[in-house]
Amino acid sequence: MLACLLLTASSAEARVESKEVSQSASSVANYWTPERMQAAKPAEQRFGGAAARTEAEAAPLPWTSAEVTTPYTQAPTSTHGKVFFTLGGGDYVCSGTALLSGNKSVVWTAGHCVNEGPGAFATNWEFVPAYKDGSAPLGVYVAENLFTTSGWGNSGDFSYDLGAAVVAPAGGTALTDRVGGRGIAFNYSRSQTYNSYGYPAAPPFSGERLWRCNSTLQTQDTGANPATLGIGCDMTGGSSGGGWIVGSSVYSVNSYGYDNQPNVMYGPYQGSVAQSLYNAASAG
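Computed from a predicted structure; not experimentally measured.

Quick word on the state of the cysteines
Inspection of the entire model under this criterion finds two disulfides. One disulfide in the model links Cys94 with Cys113; its S-S distance is 2.1 Å. The chirality of the disulfide connecting Cys94 with Cys113 is left-handed, given an S-S dihedral of about -75°. You can see Cys94 sitting in strand E6 (residues 90-99) and its partner Cys113 sitting in the loop between strand E7 (106-109) and strand E8 (123-129), a full 19 residues away along the chain. Exposure class is identical for Cys94 and Cys113. Each is buried. Here Cys213 pairs with Cys233 through a disulfide, and the sulfurs are 2.2 Å apart. The sign of the 70° torsion about the S-S bond sets the Cys213-Cys233 disulfide as right-handed.

Quick look at the side chain of His112
Mapped onto the secondary structure, His112 falls in the loop between E7 and E8. We classify His112 as buried; its relative accessible area is 5%. Polar contacts involving the side chain of His112 include one to the side chain of Asp161, which spans 2.8 Å. Among the polar contacts listed, one links the side chain of His112 to the side chain of Ser240, at a separation of 3.0 Å. Apart from the residues lying within four places of it in its own chain, the contact partners of His112 are Ala43, Gln45, Phe85, Leu87, Trp152, Asp161, Ser240 and Ser255.

Rules of the game
- Residues numbered from 1 in each chain as written.
- Predicted model: local features only at pLDDT ≥ 70, side-chain atom pairs only at ≥ 80, totals over all residues.
- Heavy atoms only, no water.
- Disulfide = S-S within 2.5 Å.
- Helix = DSSP H or I, 4+ residues; strand = E, 2+ residues; numbered from the N terminus.
- Buried < 20%, exposed > 50% of the residue type's maximum accessible area, 1.4 Å probe, protein only.
- Polar contact = N/O pair within 3.5 Å; in protein donor to acceptor, adjacent residues only side chain to side chain.
- Contact = heavy atoms within 4.5 Å.

Put into structure tokens, the structure is as follows:
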């Protein structure tokens, strides 16, 4: 397990880091054989030791988690999908959400699902909307450009653990023309009821099905600056990057947790830095 990090912020986080990905759709599709998909590790950010002091020290209020039972290929469930990528010489899985945008091609996820933080950007990056039991009923969308905040890309700051991909059309159809798209929110009240989606792959989950946690705001990690949001959720690695939905818009993503808070998931607050990231991706 990683040691607990001290999270800080500075004006530098307002910048956005990006990379044009030199990969063809066919080469990425050929890379991700069924065997590689099954062997890919869940991207997980968990910290041992004592958690940073939070606003709420009491046990979380009631929350629920359940496997999604609505048809995966029908909107809005179809906007959620599984992410596959290579980073630091290893193959990993995360989760992501298709967003409405001018280019119809933006996938929103966690920063650590596109970049080492700090370090290199991922390769072999693809988004599989409506993934279920190894199937890709709505096609596979390969990244052309990857984006993250400079706070994540330069410092690994979990307050800014956000990432985005601009994906190429699949079968001649742009992403949101096929799967629909979620909206996105910035600079909102933190007190919301969040529905967090993801493909948890670490035990006891398999990574083959979409899950959802429903929770009000339980706590805030004030060791981060700005403080990150904490909700009740037992999803494990692989769910990273899955969108927190309020109404029909993404308000945060699954980012990290603490070993001594097994049923709390933290996600970054989406302020002006997140808005700059979205604007850069939607223009990409």
